[in-house]
Amino acid sequence: MSEASASAPRRPVVVTIAIVLIYLTAFASLALGILVLLSRYDVPTDDVLFVSLLGASVILLGLLMIALASGLSRGSRFARNLVTVYLVISIGLHVTTIVSTDVWDWSAAIQAVIDALIIAALWLPPGAPFYARRPAAASVPA
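Parameters at a glance
Residues numbered from 1 in each chain as written. Predicted model: local features only at pLDDT ≥ 70, side-chain atom pairs only at ≥ 80, totals over all residues. Heavy atoms only, no water. Axes fitted to C-alpha atoms, helices over the stretch in contact; angles between N-to-C directions. Helix = DSSP H or I, 4+ residues; strand = E, 2+ residues; numbered from the N terminus. Parallel < 35°, antiparallel > 145°, perpendicular 65-115°, else oblique. Left-handed = near helix turned anticlockwise from the far one by under 90°. Contact = heavy atoms within 4.5 Å. Nonpolar A, V, L, I, M, F, W, Y, C, P; charged D, E, K, R; others polar. Expected span 1.5 Å × (residues − 1). Buried < 20%, exposed > 50% of the residue type's maximum accessible area, 1.4 Å probe, protein only. 1 Å grid on protein atoms, 1.4 Å probe; cavity = no way out; pocket = protein on both sides within 12 Å on 5 of 7 lines; lining within 4 Å. Points joined across faces, edges and corners; volume = space filled by probe spheres on them.

**Q** Is there a simple way to explain the packing of helix 3 (residues 48–73) against helix 4 (residues 77–100) in this structure?
**A** When two helices pack together, their arrangement is given by the angle between their axes and by how far apart the axes lie. In the contact formed by helix 3 and helix 4, the axes pass within 8 Å of each other and the chain directions differ by 140°. Classed by the angle they form, the pair helix 3 and helix 4 counts as oblique. Taken as a pair, helix 3 and helix 4 cross one another with a handedness that is left-handed. Side by side, helix 3 and helix 4 meet where Leu-61, Met-65, Leu-68, Gly-71 and Leu-72 of the first sit next to Ala-79, Arg-80, Leu-82, Val-83 and Tyr-86 of the second. The residue makeup of the contact of helix 3 with helix 4, split by class, is eight nonpolar, one polar and one charged.

As structure tokens, then:
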């Protein structure tokens with residue numbers, strides 16, 4: 001076993017589950033973005049640009065989440081911070097949806113709970129130590 005692999009902490013199971021959930025959400029965003037982009041053929045001519053931009057934005061956010069999930073799997077604190085910001089905004093939007101609609105929106109409530117669980121998995125033990133600062137490896141003279 002090499003020295004680098006001996007000092008690198010193992011990824012906790014809760015972090016792996018959170019990463020899988022983020023990948024699933026990202027791929028769902030890609031699929032939704034493609035459907036929105038394709039729906040531009042069924043909207044009035046005045047709305048084609050808006051629907052096209054909306055679909056492209058959803059696709060790009062899905063791709064960003066895939067990149068961030070990859071960073072999370074490697075222990076990137078920057079990726080953890082960006083995912084947290086994204087999920088907090090997502091929770092706020094889900095809560096706004098729940099409050100502003102007449103009928104209780106179960107899907108928004110479930111998504112908000114899943115987002116909160118992902119944040120907890122990334123910031124609370126046993127997941128948080130995986131993202132702790134690691135001491136720089138001492139350089140070995142040649």
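**Q** Please explain helix 2 (residues 13–38) as it appears in this structure.
**A** Because each turn of an α-helix spans 3.6 residues, side chains separated by three or four positions end up pointing in the same direction. Here helix 2 spans 38 Å end to end across 26 residues, near enough to the 38 Å set by a 1.5 Å rise per residue. Turning to helix 2, its buried residues number three or more, namely Val-15, Ala-18, Ile-19, Ile-22, Ala-26, Ser-29, Leu-30, Gly-33 and Val-36. Residues of helix 2 that are buried sit in contact with helix 3, helix 4 and helix 5 (106–123).

**Q** What should I look at first to understand the layout of surface pockets in this one?
**A** With a probe scaled to a water molecule rolled over the atoms, the places where space remains empty come into view. Computed from the structure, the largest pocket encloses a volume of approximately 600 Å³. Every residue lining the largest pocket is counted, 19 residues in all, and those nearest its centre are Thr-25, Ser-29, Tyr-86, Ser-90 and His-94. Among the elements of the structure, helix 2, helix 3, helix 4 and helix 5 are those that each provide at least two residues to the lining of the largest pocket. By residue class, the composition of the lining of the largest pocket is 13 nonpolar, five polar and one charged.

These figures come from the coordinates and say nothing about function on their own.
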